[in-house]
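Here's the letter readout for the chains.
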Amino acid sequence: MPPQRWTDETRDASCYYGNLIRPSSDADADDDDTEADDERGAFCSGDRPLIAGTENASADWLQTRHIFGLMGFLGFAVVYAMRVNLSVAIVAMVNRTDVPHSNSDSAFNSTSDLANDTCPLPPVVPSNWTTPHSNWQRGEFQWDEATQGLVLGSFFYGYVLTQVPGGRLAELLGGKRIYGYGVLITAIFTLLTPLAARCDLPLLVLVRVLEGMGEGVTYPAMHAMLAHWIPPLERNKFAAIVYAGSNIGTVISMPLTGWLCSQRLLGGWPSAFYIFGLLGIVWFVAWMHLVYDRPGEHPRISCKERTYIERALAVSRQRLQLEQEQEQREEQLEWPERHLEVEQRDLERAERDLERREQLKRAEEHLEWEQQHLERDQEHLQREEEHLQRAERVLERAERDLQREEHLEWEQEHLQRADRHLEVDQRDLQRADRVLKRAEETVLQREEHLEWDQETVLPRMAEEALAPEAEHIPWRAILSSVPLWAILVTQCGQSWAFYTQLTELPTYMSNILHFDIQSNALLNAIPYLTAWFVGIGCSALADWMLARRIISQLNSYRLWNSVSSVVPSLGLVGIIYGGCDWIWVTLMLAGVGSFGGAVYAGNQMNHIALSPRFAGTMYGITNSAANICGFLAPYVIGLIINHRETLTQWHIVFWLAVTLNVAGNFVYLIFARADEQSWSRSRSRSQIRRPPNRSLRI
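Since the model is a prediction, treat every value here as computed from it, not as a measurement.

1. Observations concerning the overall build of the protein
Looking only at helices and strands, one finds 24 helices and 0 strands in the protein. At a minimum sequence separation of 6, the contacts of the protein that also span at least 24 residues come to 86%. Carbon and sulfur atoms provide 59% of the accessible area of the protein, an area that totals close to 35000 Å².

As structure tokens, this is what we get:
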């Protein structure tokens, strides 16, 4: 038997899961196994790159799951471009010269207070602010801050409604159609946005709500597909790349929307909605042709890649099950030890009782001797009454003799009972020894069962992993899961900070720092580009640390979630102290704030670890709650600003985002978990017939 040839794909599974994926071998192949073990050890301990080279696999550089990841990346880029273009276009849509402001009236007592709490205008006003060709200040709509907040937040009313249904439909029907139709619906209503805005404000709000409903299924559907397509040790990198499409879409959409709004193409700002809507339709056609729900359904996937994906997923589930069985065995082995300790304490207590009884007996004997001595003295003194009291003394002696005899009989019976207790204790000790022997035999049988599982159960579990399950969802267990609530809380804090930056930062850059629409859009896009690079780097580093066993899965989630929450919060604090220095503000957003991309190695993959079967539904629940901040944040910020465009009011906005983000991460650090929950395990696993008992090899 030739030694096994190790590749980068088998390394990911074998080096991490140990011998679980190796088939059992007989005694004739010991030399070959030793040679394979040596090669495996050299391969796992060597410094290999995270991305395989092409000298030995030039034909496999672009595999089917890579195409799936690329299409998912482009899908998120398109939907986020359609989501955020209104945040920039609204600057050109609103006629700000007709919107009332109260900076100099009710908010301040003097012009000196106003000057100290606002940023000065640039010394040279750009020409495109005052030329007749500019139309971004003379927009078509006279909307105040409250109305603008309603328009910007209406998208999220629909977005939160379809999160849970989208995740469950993706688990039952497959994520391909749910994800694709969600992007298509978003594209169609994006094309209708300019027409709805010019017809009626309620109609525009309705279109944005429907657009949000279409986009609301995308994240849960993609989560459900990642659980079927991506092996566990590649999920962080793939999730970072796929979900980073949202950052790239924002990076492209913001400056491009700002440029389109300053042009006369298709009427200026409407062109941003037409172009991105058409891109969404083109992407939908390509998605339906190139992507399938599961590896087993893809007609063009190679057998090697399909086997690798299915085996990696099955081995991951088998490893979790083995760890749970090991914990149960340890608990069973601890029970005889505790029983022996209890028996030992009972024996010690019985010995102490015997010692106390012996001491009492000796005290009674000594008391009897003293009494006899006193009686002899009385006899010597009362000799004249000897005849009268002789009968009484005889009776007294007879009674004492009887009492002594009864006491001796009671002591004998007590000693017999103590002997019987000792015999029972000895039998219990013998029974405990037999229990320990049976436990050892059970361990040996378990080892044989594990060998049988690797040969028989593992392929059957791989088939079960491919078959869609339509069983009842354990809603009560899901909704009462503390780790899921921890994910929900931290996502709400991160979403509040994210949507504060996404929907309100263009207004801050325009009204406070006095940037024109093109510069505003470009500076707002830079943080999403840097977050994309940082997210991919952090995810690759997280996978490398997990593969090397440097950190556990749970601590990895905690570490990167803390990075994605605390570091960007420090960036918002830096904006507060940066004041009107636009260079410092840009550095805080693009540099420090870019670490928000580490969230893909944090709580974003935690759903799949808790429940691979219901990952889409769980992500829909948490993402629904988190995206409520999409319309709450603009509304609350509108109440805080309330026509007072000053640094003080905006500092309150930023401090609120920092507090919620850091508090949510603190809750996640305490209650987060990374093991599959008991209600997530398939019932069919317990129905697999075990092999018959075989002879024990001792």
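The discussion continues.
2. Quick look at the nonpolar core
Formed by 98 residues in total, the largest nonpolar core has its most connected members in Phe68, Met222, Leu226, Tyr243, Trp287 and Tyr508. The element that contributes the greatest number of residues to this core is helix 17 (residues 482-511), accounting for 12 residues. Once residues within four sequence positions are removed from consideration, Leu226 is found in contact with Phe68, Arg235, Ala239, Tyr243, Met605 and Ile608. Core analysis: the second largest hydrophobic core is formed by 18 residues, Ile90, Trp143, Leu152 and Ala197 among them.

3. Things to note about the packing of helix 3 (residues 64-93) against helix 7 (residues 175-191)
Axis angle and axis distance: for two packed helices, these are the angle between their axes and the distance between the axes, and together they describe the pair. Two numbers describe how helix 3 lies on helix 7: the axes approach to 10 Å, and their chain directions differ by 30°. As the angle between them shows, helix 3 and helix 7 are arranged roughly parallel. Of the two elements, helix 3 crosses helix 7, and the hand of that crossing is left-handed. Listed contacts from helix 7 to Gly72, Gly75, Phe76, Val79, Met82 and Asn85 of helix 3 are Tyr179, Val183, Thr186, Ala187 and Thr190.

4. Digging into empty space enclosed by the protein
Scanning the model with the defined rule gives 7 cavities of 30 Å³ or more in all. As for the largest cavity, its lining consists of 36 residues, and the residues nearest its centre are Gln494, Ser495, Phe498, Gly596 and Val599. Among the secondary structure elements, those contributing two or more residues to the lining of the largest cavity are helix 3, helix 12 (245-261), helix 17, helix 18 (517-547), helix 19 (553-578), helix 20 (582-592) and helix 22 (615-627). It is helix 17 that contributes the most residues to the lining of the largest cavity, 7 residues altogether. By residue class, the composition of the lining of the largest cavity is 18 nonpolar, 17 polar and 1 charged.

5. Observations regarding the state of the cysteines
If you walk through the whole model with that rule in mind, you get 0 disulfides. The thiol of Cys492 is not disulfide-bonded; the next cysteine sulfur, from Cys629, is found 4.9 Å away.

6. A look at the packing of helix 12 against helix 13 (residues 270-290)
With their axes 8 Å apart at the nearest point, helix 12 and helix 13 run at an angle of 135° to one another. Compared by their axis directions, helix 12 and helix 13 come out oblique. The interaxial crossing formed by helix 12 with helix 13 has right-handed handedness. Contacts between helix 12 and helix 13 pair Ser253, Leu256, Thr257 and Leu260 from the former with Ser271, Ala272, Ile275 and Phe276 from the latter. A class-by-class count of the residues in the contact of helix 12 with helix 13 yields 5 nonpolar, 3 polar and no charged.

7. With respect to the environment of Gln454
Tracing the chain through its elements places Gln454 in helix 15 (residues 386-466). Expressed as a C-alpha distance, the spacing of Gln454 and Gln318, which sit 136 residues apart in the sequence, is 8.9 Å.

8. Description of a negative patch on the surface
A cluster of like negative charges, contributed by Glu327, Glu330, Glu331 and Asp675, occupies part of the molecular surface. When you line up the elements, Asp675 lands in the segment after helix 24 (647-671). Classification of Asp675 as partly exposed rests on a relative accessible area of 43%.

9. Overview of the side chain of Ser271
Topologically, Ser271 is positioned in helix 13. Residue classification places Ser271 among the buried positions, given a relative accessible area of 0%. When near neighbours in sequence (up to four residues on either side) are disregarded, Ser271 contacts Leu260, Leu265 and Leu266.

10. Here we look at a nonpolar patch on the surface
A cluster of nonpolar side chains, contributed by Val482, Phe666, Leu669, Ile670 and Phe671, occupies part of the molecular surface with about 440 Å² of accessible area. You can call Val482 partly exposed: its relative accessible area is 44%.

11. Things to note about the packing of aromatic side chains
Tallying each qualifying case throughout the model produces 18 aromatic pairs. Each ring, one from Tyr181 and one from Phe284, has its centre 5.7 Å from the other, and the planes form 35°; the classification is tilted. Taken together, the positions of Tyr181 in helix 7 and Phe284 in helix 13 put the pair 103 residues apart, joining distant regions of the chain. Accessibility expressed as a relative area gives 14% for Phe284, which makes it buried. One aromatic cluster is present, formed by Phe76, Tyr80, Tyr179, Tyr219, Tyr243, Trp283, Trp287, Phe498, Tyr600 and Tyr619 through successive ring pairs.

12. Describing helix 11 (residues 235-243)
Extensive coverage of helix 11 is indicated by the burial of 7 of its 9 residues. Arg235, Asn236, Phe238, Ala239, Ala240, Val242 and Tyr243 are the residues of helix 11 that are buried.

13. Description of helix 13
Across its 21 residues, helix 13 extends 31 Å between first and last C-alpha, which sits within 8% of the 30 Å expected from 1.5 Å per residue. By the burial criterion, the buried members of helix 13 are Pro270, Ser271, Ala272, Phe273, Phe276, Gly277, Gly280, Trp283, Phe284 and Trp287. Among the structural elements, helix 3, helix 7, helix 8 (193-199), helix 10 (218-229) and helix 12 are those in contact with the buried residues of helix 13.

14. Here we look at the pattern of salt bridges
Applying the stated rule across the entire model yields 12 salt bridges. Two residues, Arg65 and Glu234, come together in a salt bridge whose shortest N-O distance is 3.0 Å. Placement of the pair is Arg65 in helix 3 and Glu234 in the loop between helix 10 and helix 11, with a sequence separation of 169 residues. Arg65 gets classed as buried once you look at its relative accessible area, which sits at 4%. The class of Glu234 is buried, set by a relative accessible area of 7%.

15. As for the confidence of the model for the protein
Looking at the protein, the pLDDT average stands at 77 and 78% of residues meet or exceed 70. The secondary-structure element of the protein with the lowest mean pLDDT is helix 2 (residues 30-45), recorded at 44, while helix 7 shows the highest, at 92. Counting interchain partners and residues more than four positions distant, the pLDDT-below-50 stretch residues 102-112 has 16 contacts. Low pLDDT (under 50) marks residues 124-137, which in the prediction has 24 contacts with non-local residues, meaning those over four places away or in another chain.

16. Looking at the environment of Asn603
For Asn603, the location among the structural elements is in the loop between helix 20 and helix 21 (606-610). Spatially, the C-alpha atoms of Asn603 and Ala672 are 8.8 Å apart, while their sequence positions differ by 69 residues. If we skip the residues at most four places from it in the chain, Asn603 touches Ile487, Thr490, Gln491, Gln494, Asn561 and Tyr668. A distance of 2.5 Å separates the side chain of Asn603 from the side chain of Asn561, its partner in a polar contact.

Thresholds applied
Residues numbered from 1 in each chain as written. Predicted model: local features only at pLDDT ≥ 70, side-chain atom pairs only at ≥ 80, totals over all residues. Heavy atoms only, no water. Helix = DSSP H or I, 4+ residues; strand = E, 2+ residues; numbered from the N terminus. Contact = heavy atoms within 4.5 Å. Areas by Shrake-Rupley, 256 points an atom, 1.4 Å probe, with all protein chains shown as cover. Core = buried A, V, L, I, M, F, W, Y, C linked by side-chain atoms within 4.5 Å. Buried < 20%, exposed > 50% of the residue type's maximum accessible area, 1.4 Å probe, protein only. Axes fitted to C-alpha atoms, helices over the stretch in contact; angles between N-to-C directions. Parallel < 35°, antiparallel > 145°, perpendicular 65-115°, else oblique. Left-handed = near helix turned anticlockwise from the far one by under 90°. 1 Å grid on protein atoms, 1.4 Å probe; cavity = no way out; pocket = protein on both sides within 12 Å on 5 of 7 lines; lining within 4 Å. Points joined across faces, edges and corners; volume = space filled by probe spheres on them. Nonpolar A, V, L, I, M, F, W, Y, C, P; charged D, E, K, R; others polar. Disulfide = S-S within 2.5 Å. Patch = residues over 30% accessible without salt bridge, like charges linked within 9 Å, V, L, I, M, F, W, Y side chains within 5 Å. Salt bridge = Lys/Arg side-chain N within 4 Å of Asp/Glu carboxyl O. Lys, Arg positive; Asp, Glu negative; His and termini not counted. Charge placed at Lys NZ, Arg CZ, Asp CG, Glu CD. Phe/Tyr/Trp six-rings, centres within 6.5 Å; stacked < 30°, edge-to-face > 60°. Expected span 1.5 Å × (residues − 1). pLDDT = per-residue confidence, 0-100. Polar contact = N/O pair within 3.5 Å; in protein donor to acceptor, adjacent residues only side chain to side chain.

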